[in-house]
There are 2 protein chains.
Amino acid sequence: MKIEILCVGTEILLGDIVNTNAQFIAKEIAALGMESYHQSVVGDNPKRLKDSLSIAFSRADIVIMTGGLGPTYDDLTKETAAEFFGRSMYMHTPSLERIEIFFKKIGRDMTENNKKQAMMPEGASIFENHNGTAPGLAVRGKLIDHPEWGEKIAILLPGPPKEMAPMFRESVVPYLAALSEQVFISHEIHLFGIGESAVEAELIDMMETMTNPTIAPYAKEGEVLVRVTASAENCEKAEEIIKPTIDTIKARLGQYIYGVDVGSLQNALVQLLREKGLTIATAESCTGGLIAKRITDIPGSSEVFGMGAVCYANEIKTKLLGVSEETLRMYGAVSHQTAREMAEGARRVSGADLAVSTTGIAGPGGGTTEKPVGLVYVGVSTPHGCETFELRLARGYSADRERIRWSAASNAISLATNAVKKLEK
Amino acid sequence: MKIEILCVGTEILLGDIVNTNAQFIAKEIAALGMESYHQSVVGDNPKRLKDSLSIAFSRADIVIMTGGLGPTYDDLTKETAAEFFGRSMYMHTPSLERIEIFFKKIGRDMTENNKKQAMMPEGASIFENHNGTAPGLAVRGKLIDHPEWGEKIAILLPGPPKEMAPMFRESVVPYLAALSEQVFISHEIHLFGIGESAVEAELIDMMETMTNPTIAPYAKEGEVLVRVTASAENCEKAEEIIKPTIDTIKARLGQYIYGVDVGSLQNALVQLLREKGLTIATAESCTGGLIAKRITDIPGSSEVFGMGAVCYANEIKTKLLGVSEETLRMYGAVSHQTAREMAEGARRVSGADLAVSTTGIAGPGGGTTEKPVGLVYVGVSTPHGCETFELRLARGYSADRERIRWSAASNAISLATNAVKKLEK
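Looking at the nonpolar core
Item 1. In terms of nonpolar packing, the biggest core is built from 77 residues, with Ile 280 of chain A together with Ile 280 of chain B touching the most fellow members.
Item 2. Residues contacting Ile 280 of chain A, with those up to four places away along its chain left out, are Leu 269, Leu 273, Ile 295, Val 304, Phe 305, Gly 306, Met 307, Ala 352, Leu 354, Ala 355, Val 356 and Ala 416 of chain A.
Item 3. The next biggest cluster of nonpolar side chains, apart from the first, holds 34 residues, and it includes Cys 311, Val 349 and Ala 352 of chain A together with Ala 283 of chain B.

Rendered as structure tokens:
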């Protein structure tokens with residue numbers, strides 16, 4: 001089955017937003033083992049939308065569209081798709097009720113044009129939207145102008161990624177999987193502290209020869225993710241096929257793996273702390289709150305995180321965490337010693353089981369020959385003592401403030417996770 | 001002149017990379033006042049590339065392509081484009097020399113296939129690549145298969161964004177500007193506290209009737225940005241044309257405008273603090289470090305920011321900031337009173353000129369009928385006293401943890417900025 005992606009939205013054409021929907025869908029399609037040769041973007045214009053959809057149907061069996069499902073007059077994806085299949089529109093009562101409930105819940109009046117979002121082409125499969133008002137849908141059949149092209153499928157999804165992505169995973173993946181009579185199972189192995197090309201070098205023999213499961217490494221925000229995907233007639237069989245491959249990858253790259261299907265470094269840390277009933281505190285200089293922010297991104301993090309100190313100024317390091325003025329004078333704020341006293345101070349003040357600290361030079365200013373931009377110290381204090389680590393983060397493309405801060409925070413979270421592994425309540 | 005963007009690369013089709021090139025080029029084109037109705041992506045496949053380019057030429061005057069300029073056999077963008085114009089390829093000696101110098105500089109042997117990167121269609125304009133080996137180029141003329149379509153232009157650029165983006169600004173913008181004999185100037189007006197549709201309602205008369213300058217509002221991360229773009233024969237004239245429109249927008253929406261061309265809320269705050277020589281501290285509960293993180297995202301923020309306290313646990317609010325246990329017991333952590341004592345405590349402990357605090361329920365858990373998810377209190381303490389604000393941020397689409405935290409932080413930064421406006425050192 002050939003799939004094509006057609007994203008509808010003038011805001012993409014104007015470059016106001018990056019088309020992350022296309023990438024998300026492309027990746028999901030690839031994981032399902034389906035082929036995609038074209039992606040297109042078109043604006044909210046009836047004629048151009050129609051022309052683009054016609055071109056897409058001429059090349060592909062399935063066209064996945066995003067955007068243009070809103071309540072206003074220029075949202076016309078649904079009507080345009082229905083026209084191709086010669087379907088009339090009807091009011092889909094369950095969707096209307098969901099939209100009415102949504103408006104009641106947020107305490108706003110539902111305007112008349114919102115009803116448009118519940119209008120559906122006859123015979124469409126409807127996908128519920130759990131994160132907004134516009135339902136998604138799939139229409140399947142022959143095109144009235146080109147019945148000779150055979151059966152075609154249009155899948156229509158809302159434009160906002162926060163609505164589209166969950167709907168894709170919840171509804172579209174099963175819909176597509178049902179077409180192929182195969183199930184697809186993926187697991188994601190998360191690695192930190194190794195680059196994508198080094199991971200590829202370790203796995204290239206498997207990547208080149210294996211077809212089921214398939215192995216694909218991805219670089220993501222300074223980490224690497226290896227996705228292993230298997231297909232089989234049912235989930236159990238697929239899991240059976242996957243298991244030995246994951247074991248092999250663990251054997252080869254175990255020291256860099258921080259989890260399977262764990263989402264993110266901070267999630268792995270928070271879940272581990274919860275399992276062990278331990279708590280953590282943070283003391284940040286150069287990362288400026290980013291570690292605390294990433295930990296508190298995780299729902300339920302309040303169980304394991306009580307205090308974060310952002311000590312940008314030296315006198316605050318002393319005042320909040322008790323870093324000694326002598327240490328700051330003798331070794332400077334960016335030093336093993338300061339990182340140590342920050343971590344120890346944060347653990348003492350917060351009463352947490354462990355504490356992690358960062359102090360460094362994020363740039364672009366503030367670097368010297370001795371202490372260049374990208375030099376960061378991390379401290380990890382536990383009841384067994386305090387370890388400190390020196391990082392050099394300004395290599396290659398990483399030499400900008402945002403990447404240095406992100407990478408320093410990732411390293412600190414990773415080092416804290418390693419320390420938690422050795423702790424018991 | 002209609003422009004179309006065609007990105008070539010199997011890695012985009014597989015979802016391995018986000019197509020940021022399309023967005024970058026789209027934005028640049030829009031700023032030049034040129035029209036773009038389609039974007040497409042196709043893989044490194046000769047037939048499909050040819051078909052896609054043919055479709056693009058049938059719709060647009062100028063097709064900008066990225067990718068496929070590399071040294072390997074599957075890089076065929078240049079050869080394919082040359083074929084459309086009926087041009088043969090020749091060795092462009094200055095490009096070859098540049099490539100040879102590049103390899104000498106990095107101390108590697110230049111392989112034979114790298115010479116391919118210096119082969120150019122006859123009559124092409126060549127764009128130097130200052131960040132890699134593959135030069136860019138433009139071919140202009142009639143297509144041999146469709147001379148009736150009139151004069152067409154193909155602009156070919158390397159795929160890596162770090163090579164493409166500087167080449168676009170250095171070479172393509174002047175090339176395109178020369179075609180139109182006009183300069184384009186844009187200014188961005190930043191608004192907070194008002195939705196995109198409300199901004200549109202206020203400006204719809206201007207948006208519908210004005211052609212130079214043009215006005216376009218965009219929603220972005222809970223804020224609204226209004227872009228005003230004018231064209232004229234020179235920059236001064238364009239600025240003259242823009243000014244009255246910006247003044248009118250300021251008169252209509254002034255209370256929501258936090259700056260023109262200022263980038264972000266946090267940047268506006270940091271710049272204002274620097275101008276006034278004032279300092280700020282933060283005390284965060286529900287935003288968990290996000291405000292500190294956003295402030296310290298700005299280079300040079302250490303001049304105005306010394307301390308941030310992330311007080312997730314009640315006892316830490318008391319310990320670090322002196323929030324009274326009685327206040328916490330009587331009113332709860334999520335209250336005007338706690339927000340006030342947090343802000344006052346942060347200002348006292350840090351010695352900063354002002355302090356901003358947040359305490360609220362970010363969800364998904366922790367909400368009650370009385371204090372639902374999305375309820376957030378913000379405190380702003382200055383030498384003139386402390387103001388507190390109640391926010392309800394779980395309306396409609398905002399009802400997820402990440403959005404509530406982002407919105408709470410944005411509101412806090414905005415409220416702090418308003419307070420700074422009234423302060424003098």
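What about helix α3 (residues 46-59) of chain A?
Residue and element names in this part refer to chain A.
Item 1. Given a rise of 1.5 Å per residue, 14 residues ought to cover 20 Å, and the 20 Å separating the end C-alpha atoms of α3 matches this to within 8%.
Item 2. Looking at α3, one finds that the buried residues are Leu 49, Ser 52, Leu 53, Ala 56 and Phe 57. Down the axis of α3, the buried side of the element spans an arc of 135 degrees, and every buried residue falls inside it.
Item 3. Its side-chain oxygen 3.2 Å from the backbone nitrogen of Lys 47, Asn 45 forms the N-cap of α3.

Section: the interface of chain B and chain A
Item 1. Contact residues are listed per partner, giving 64 residues for chain B and 66 residues for chain A.
Item 2. Both sides together, the interface formed by chain B and chain A hides about 5,100 Å², and carbon and sulfur atoms give 57% of it.
Item 3. Linking chain B with chain A are 5 salt bridges.
Item 4. We note a salt bridge from Arg 227 of chain B to Asp 16 of chain A, for which the minimum N-O separation is 3.6 Å.
Item 5. Linking chain B with chain A are 29 residue pairs in polar contact (both at pLDDT 80 or more).
Item 6. Taken together, the residues of the side of chain B that touches chain A break down into 28 nonpolar, 20 polar and 16 charged.
Item 7. In terms of strand pairing, strand β2 (residues 35-42) of chain A meets strand β2 (residues 35-42) of chain B through 5 bridges, oriented antiparallel. Following the sheet pairing, Val 41 of chain A is matched in β2 of chain B by Gln 39 of chain B.

Remarks on the packing of aromatic side chains
Two numbers describe a pair of aromatic rings. These are the distance of the centres and the angle of the planes.
Item 1. Counted according to the given criterion, the structure contains 12 aromatic pairs over all chains.
Item 2. Judged by centre distance (5.7 Å) and plane angle (90 degrees), the ring pair of Phe 57 of chain A and Phe 85 of chain A falls under edge-to-face. Pair noted here: Phe 57 of chain A is in helix α3 and Phe 85 of chain A is in helix α4 (residues 77-85), with a separation of 28 residues, a long-range link. Note on accessibility: Phe 57 of chain A and Phe 85 of chain A belong to one class, buried.
Item 3. Ring centres 5.7 Å apart and planes at 50 degrees place the aromatic pair Phe 57 of chain B and Phe 84 of chain B in the tilted group.

Focus: the side chain of Thr 417 of chain B
Item 1. Mapped onto the secondary structure, Thr 417 of chain B falls in helix α14 (residues 401-421).
Item 2. The residues touching Thr 417 of chain B, leaving out its near neighbours within four places in the chain, are Leu 269 and Leu 272 of chain B.

As for the sheet that holds β2 of chain B
Item 1. With mixed pairing, the 12 strands of this open sheet are ordered in space as β6(A)-β7(A)-β8(A)-β3(A)-β1(A)-β2(A)-β2(B)-β1(B)-β3(B)-β8(B)-β7(B)-β6(B). Either end of the sheet is taken by a strand with one partner, and the two such strands are β6 (125-127) of chain A together with β6 (125-127) of chain B. On average, each strand axis in the sheet is inclined to that of its neighbour by 15 degrees, with strand direction left out of account.
Item 2. Relative to β2 of chain B, strand β1 (residues 2-8) of chain B runs parallel, the two being bridged by 7 bridges. What sits directly across from Leu 6 of chain B, in β2 of chain B, is Ser 40 of chain B.

A word on the sheet that holds strand β17 (residues 385-392) of chain B
Item 1. Spatially, 10 strands are ordered β17(A)-β16(A)-β15(A)-β13(A)-β14(A)-β14(B)-β13(B)-β15(B)-β16(B)-β17(B) in an open sheet, and the strand pairing comes out mixed. Each edge of the open sheet is held by one strand with a lone partner, namely β17 (385-392) of chain A together with β17 of chain B. On average, each strand axis in the sheet is tilted by 10 degrees relative to the strand beside it, whichever way the strands run.
Item 2. Of the pairings in the sheet, the one linking strand β16 (residues 375-382) of chain B to β17 of chain B comprises 8 bridges and is antiparallel in character. For Tyr 377 of chain B, the partnering residue across the bridge sits in β17 of chain B and is Glu 390 of chain B.

Thoughts on the packing of helix α11 (residues 314-321) of chain A against helix α13 (residues 336-350) of chain A
For any two helices packed against each other, the geometry is given by the interaxial angle and the distance between the axes.
Residue and element names in this part refer to chain A.
Item 1. Packing of α11 against α13 leaves a shortest axis separation of 9 Å and a crossing angle of 35 degrees. As α11 runs across α13, the sense of the crossing is left-handed. Between α11 and α13, the residues in contact are Lys 317, Leu 320 and Leu 321 and Thr 338, Glu 341, Met 342, Gly 345, Ala 346, Arg 348 and Val 349, respectively.
Item 2. A class-by-class count of the residues in the contact of α11 with α13 yields 5 nonpolar, 2 polar and 3 charged.

Quick look at the pattern of salt bridges
Item 1. By the definition in use, this model includes 39 salt bridges over all chains.
Item 2. For Arg 252 of chain B, the salt bridge is made with Asp 205 of chain B, and the minimal N-O distance between the two is 2.9 Å. With a gap of 47 residues between them, Arg 252 of chain B in helix α8 (residues 235-253) and Asp 205 of chain B in helix α7 (residues 196-209) connect regions that are remote in the sequence.
Item 3. You can call Asp 205 of chain B partly exposed: its relative accessible area is 37%.
Item 4. One salt-bridge network, held together by shared partners, links Lys 162 of chain A together with Asp 400, Glu 402 and Arg 403 of chain B.

A closer look at the pairing of strand β7 (residues 136-142) of chain A
Residues and elements named next belong to chain A.
Item 1. In terms of residue burial, β7 counts as a mostly covered element, since 5 of its 7 residues are buried.
Item 2. Sheet topology note: the β6/β7 ladder contains 3 bridges and is antiparallel. Within β7, the residue paired with Ser 125 across the bridge is Ala 138.
Item 3. Taken together, the 6 bridges between β7 and strand β8 (residues 151-157) define a ladder with antiparallel strand orientation.

What about the pairing of strand β10 (residues 214-220) of chain A?
Residue and element names in this part refer to chain A.
Item 1. Pairing of β10 with strand β11 (residues 223-232) involves 7 bridges; the strand directions are antiparallel. Paired with Ile 215 across the bridge in β11 is Val 228.
Item 2. Hairpin remark: β10 followed by β11, antiparallel, with 2 residues in the connecting loop; positive phi at Glu 221, about 50 degrees.

Some words on helix α8 (residues 235-253) of chain A
Residues and elements named next belong to chain A.
Item 1. Between its terminal C-alpha atoms α8 stretches 26 Å, which fits the 27 Å expected from 19 residues at 1.5 Å a residue.
Item 2. Ile 242 marks where α8 bends most, by close to 30 degrees; the proline Pro 244 follows one to four residues later.
Item 3. For α8, the set of buried residues is Ala 238, Ile 242, Thr 245, Ile 246, Ile 249 and Leu 253.
Item 4. Each element contacted by the buried residues of α8 is listed here: β9 (183-191), α7 (196-209), β10, β11 and β12 (257-260).
Item 5. N-cap assignment for α8: the residue whose side-chain oxygen lies 3.2 Å from the backbone N of Glu 236 is Asn 234.

What counts and what doesn't
Residues numbered from 1 in each chain as written. Chains lettered and ligands numbered in written order. Predicted model: local features only at pLDDT ≥ 70, side-chain atom pairs only at ≥ 80, totals over all residues. Heavy atoms only, no water. Core = buried A, V, L, I, M, F, W, Y, C linked by side-chain atoms within 4.5 Å. Buried < 20%, exposed > 50% of the residue type's maximum accessible area, 1.4 Å probe, protein only. Contact = heavy atoms within 4.5 Å. Helix = DSSP H or I, 4+ residues; strand = E, 2+ residues; numbered from the N terminus. Expected span 1.5 Å × (residues − 1). Arc of directions from axis to C-beta. Polar contact = N/O pair within 3.5 Å; in protein donor to acceptor, adjacent residues only side chain to side chain. Buried area = accessible area lost by both parts, 1.4 Å probe. Salt bridge = Lys/Arg side-chain N within 4 Å of Asp/Glu carboxyl O. Nonpolar A, V, L, I, M, F, W, Y, C, P; charged D, E, K, R; others polar. Pairing = 2+ DSSP bridges. Phe/Tyr/Trp six-rings, centres within 6.5 Å; stacked < 30°, edge-to-face > 60°. Axes fitted to C-alpha atoms, helices over the stretch in contact; angles between N-to-C directions. Left-handed = near helix turned anticlockwise from the far one by under 90°. Bend = angle between axes of the 7 residues up to and from the residue.

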